[in-house]
Amino acid sequence: MDTARVRLAKQNVITNITFYEKCGMHQMHYLQSSNRYQRQEIKHTAYLALEKFVLHIIRSSCLASDAIEAATTRSQKPSALSFARSSGVEMTRYRDAF
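Since this is a predicted model, take the numbers as computed values, not measurements.

Q: Got a minute to help me understand the sheet that holds strand β2 (residues 68-77) in this structure?
A: The strands that make up a sheet pair up through hydrogen bonds in the backbone, lying either parallel or antiparallel. Pairing within the open sheet is antiparallel, and its 3 strands lie in the order β1-β2-β3. The sheet terminates laterally at β1 (14-21) and β3 (87-94), the two strands that pair on one side only. Ignoring strand direction, the axes of neighbouring strands in this sheet form an average angle of 10°. Packed onto the sheet, helix α3 (residues 50-62) meets β1, β2 and β3 and runs at close to 150° relative to β2.

Q: I would appreciate a short explanation of the nonpolar core in the present structure.
A: Most often, soluble globular proteins have nonpolar side chains that are buried together. With 9 residues, the main nonpolar core is built from Leu 50, Phe 53, Val 54, Ile 57, Ile 58, Cys 62, Ala 71, Val 89 and Met 91. Elements represented by at least two residues in this core include exactly α3 and β3. Setting aside residues no more than four positions away along its own chain, Ala 71 makes contact with Thr 18, Tyr 20, Ile 58, Ser 61, Cys 62, Met 91, Thr 92 and Arg 93.

Q: Which parts of the structure should I look at to understand the confidence of the model for the chain?
A: For any part of a model where pLDDT is low, the fine detail of the predicted coordinates should not be relied upon. Summing up the model confidence of the chain, the mean pLDDT is 77 and the portion of residues at 70 or higher is 61%. Highest mean pLDDT in the chain belongs to β3 (93); lowest belongs to helix α1 (residues 3-8) (54).

Q: Honestly, the environment of Ser 60 in this entry has me stumped. Any pointers?
A: When you line up the elements, Ser 60 lands in helix α3. A C-alpha to C-alpha distance of 9.8 Å links Ser 60 and Arg 95, two positions 35 residues apart in sequence.

Rules of the game
Residues numbered from 1 in each chain as written. Predicted model: local features only at pLDDT ≥ 70, side-chain atom pairs only at ≥ 80, totals over all residues. Heavy atoms only, no water. Pairing = 2+ DSSP bridges. Helix = DSSP H or I, 4+ residues; strand = E, 2+ residues; numbered from the N terminus. Axes fitted to C-alpha atoms, helices over the stretch in contact; angles between N-to-C directions. Contact = heavy atoms within 4.5 Å. Core = buried A, V, L, I, M, F, W, Y, C linked by side-chain atoms within 4.5 Å. Buried < 20%, exposed > 50% of the residue type's maximum accessible area, 1.4 Å probe, protein only. pLDDT = per-residue confidence, 0-100.

Structure, rendered in C-alpha cells:
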C-alpha cells in the first residue's frame with residue numbers, strides 16, 4: 001500500500017486521557033460532559049499527523065473545566081506499522097499553555 005493512500009484513509013486510533021485537577025477543586029462532573037463532547041469531536045477530526053491530533057485533544061481536555069490543571073493524552077495507531085505493535089504520541093500540557 002503506498003504512503004499517500006495510507007495517510008488519506010481513516011485509521012483506528014486508541015486514545016487515553018489523564019486529567020490532573022487543581023488542588024481543592026474536586027469536580028468530577030466535568031468528566032462525563034468532557035467525555036461525551038470529545039467522543040463526538042474525535043470522530044469528526046481529519047488530521048493527517050498524529051501529533052496535531054493529540055495536541056487538539058489535549059487542548060480541549062485542558063479547557064473542559066476550570067478544575068483541570070493539566071492533562072496527558074496518549075494516542076496510538078495500532079495498524080500504522082507492520083513491524084511494530086503501534087505508533088504513538090504522548091503529550092502533557094498545563095492549562096495555561098492555551
